[in-house]
Amino acid sequence: MILQQLINGLMLGATYSLVAIGYTLIFGVLGLLHFAHGEVLMAGAFMGLYIIMWSGLPLYIALPLAMVATGVLGIIIDVLAIRPLKKDFHLAPLLSTIGVTIILQNLAVKLFGGYGTRFPEAIETVNYKVGPLLISSTNILILGVSLFLMVVLYFFITKTKVGKAMRTVAESHTTAGLLGVNVDWIVLLTFGIASALAGTAGVMIGIVFHAITPFIGLTFALKGLVVMLIGGLGNVVGAMIGGLILGMAEVFSIVLLPTEINLQDIFSFGIMIIILIFKPTGLFGTRVTQG
């Protein structure tokens, strides 16, 4: 029973990690809490749904297309809603992303309706029995895709020239510019990568829950924010591990706590509050842009 819940928790946590990594990348590079990030996730879920429905393409093609589409959406948000704002008015980008959240959510309600939309069966569900464990093909897919993207992103950031430029910009925009880094281009790329990861998470959520709504963004955006605070602001590795920790904690809370009421969200935010009280920099430390 415990091992089975561990598998479920890892699957849920991997999705949280993808959302939190996007938050973390943008915060690390810009020092900005991108409140529209959850709506980008929602847009990715609907993009994946309609790519599969209209084209009939298999998931291994539809998923990269949804990632590209949400990556472009993230770039558009940066160009239209964040870049034109005056840098000395610190609340402006924050308020702007809240405005983007409202626009995207209401646009989705207008286009898709305010009720749940059934997500198509993207893969055939097969259950594999491994000893006492029951592992579905959905679990394997989500864990595999999420961990693969996290590993690729880690090596991209730590080993490539562009990744090192991103880390330099995250340390200081001024220093990065003096070293010859094109800061504006790096910020644009960061928004694209972060949004593509959010789009992936949106498609994964649709596959797991078999239904999506224009309001799923808020729930997973909050969980992603919790994970980022747990792992440490601007810390990508912290976001990866923090998501897995939160996912397993939530699943075990369902098993251990009374089932008469849903204490899952209370448990999640309780963990966040405890960590912020005793270790405000998060479990793995904070990395903040210096401007």
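First things first, this report covers the structure right here in the doc. (Residues numbered from 1 in each chain as written. Predicted model: local features only at pLDDT ≥ 70, side-chain atom pairs only at ≥ 80, totals over all residues. Heavy atoms only, no water.)

**Some details on empty space enclosed by the protein**
What the rule picks out here adds up to 1 cavity of 30 Å³ or more. Taken as a whole, the largest cavity encloses approximately 50 Å³ of empty space. Taken together, Phe119, Pro120, Glu121, Ala122, Ile123, Thr125, Thr138, Ile207 and His210 make up the lining of the largest cavity. (1 Å grid on protein atoms, 1.4 Å probe; cavity = no way out; pocket = protein on both sides within 12 Å on 5 of 7 lines; lining within 4 Å. Points joined across faces, edges and corners; volume = space filled by probe spheres on them.)

**Side note on the environment of Tyr50**
By secondary structure assignment, the location of Tyr50 is in helix 2 (residues 37-55). Separated by 57 residues in sequence, Tyr50 and Leu107 have C-alpha atoms that sit 16 Å apart. Among all residues touching Tyr50, those that are not within four sequence positions of it are Ser55 and Phe112. (Helix = DSSP H or I, 4+ residues; strand = E, 2+ residues; numbered from the N terminus. Contact = heavy atoms within 4.5 Å.)

**Describing the nonpolar core**
The biggest cluster of nonpolar side chains holds 78 residues, and the ones touching the most others in it are Ile21, Leu25, Leu41, Ile77, Leu153, Leu197 and Val203. At 14 residues, helix 8 (residues 183-209) tops the list of elements feeding residues into this core. (Core = buried A, V, L, I, M, F, W, Y, C linked by side-chain atoms within 4.5 Å. Buried < 20%, exposed > 50% of the residue type's maximum accessible area, 1.4 Å probe, protein only.)

**Considerations on the pairing of strand 2 (residues 127-130)**
Consecutive side chains of a regular strand alternate in pointing toward one face of the sheet and then the other. Strand direction decides the pairing type here: strand 2 and strand 3 (residues 133-136), joined by 4 bridges, are antiparallel. If you follow Lys129 over to strand 3, its bridge partner there is Leu134. (Pairing = 2+ DSSP bridges.)

**Here's the deal with helix 2**
With 19 residues, helix 2 should cover 27 Å at 1.5 Å per step; its first-to-last C-alpha distance of 26 Å lies within 8% of that length. Judged by how many residues are buried, helix 2 sits mostly within the fold: 14 of 19 residues are covered. Two residues or fewer past helix 2, Gly56 is found with a positive phi of approximately 70°. (Expected span 1.5 Å × (residues − 1).)

**Some details on the packing of helix 2 against helix 4 (residues 91-112)**
Interhelical geometry of helix 2 versus helix 4 gives an angle of 30° and a closest axis separation of 9 Å. Relative to helix 4, the element helix 2 is oriented roughly parallel. As for how helix 2 packs across helix 4, the hand of that crossing is left-handed. Facing Glu39, Met42, Phe46 and Tyr50 of helix 2, the residues of helix 4 in contact are Thr101, Leu104, Gln105, Ala108 and Phe112. Of the residues assigned to the contact of helix 2 with helix 4, the class counts are 6 nonpolar, 2 polar and 1 charged. (Axes fitted to C-alpha atoms, helices over the stretch in contact; angles between N-to-C directions. Parallel < 35°, antiparallel > 145°, perpendicular 65-115°, else oblique. Left-handed = near helix turned anticlockwise from the far one by under 90°. Nonpolar A, V, L, I, M, F, W, Y, C, P; charged D, E, K, R; others polar.)

**Section: the pattern of salt bridges**
Two side chains bearing opposite charge may form a pair once their charged atoms approach each other closely. The full count for this structure, using the stated rule, is 3 salt bridges. Residue Glu121 is joined to Arg118 by a salt bridge in which the shortest nitrogen-to-oxygen separation is 4.0 Å. Among the residues examined, Arg118 registers a relative accessible area of 56% and is labelled exposed. Between Lys223 and Glu250 there is a salt bridge whose closest N-O contact spans 2.9 Å. Of the two residues, Lys223 sits in helix 9 (residues 216-231) while Glu250 sits in helix 10 (residues 236-256), which places them 27 residues apart along the sequence. (Salt bridge = Lys/Arg side-chain N within 4 Å of Asp/Glu carboxyl O.)

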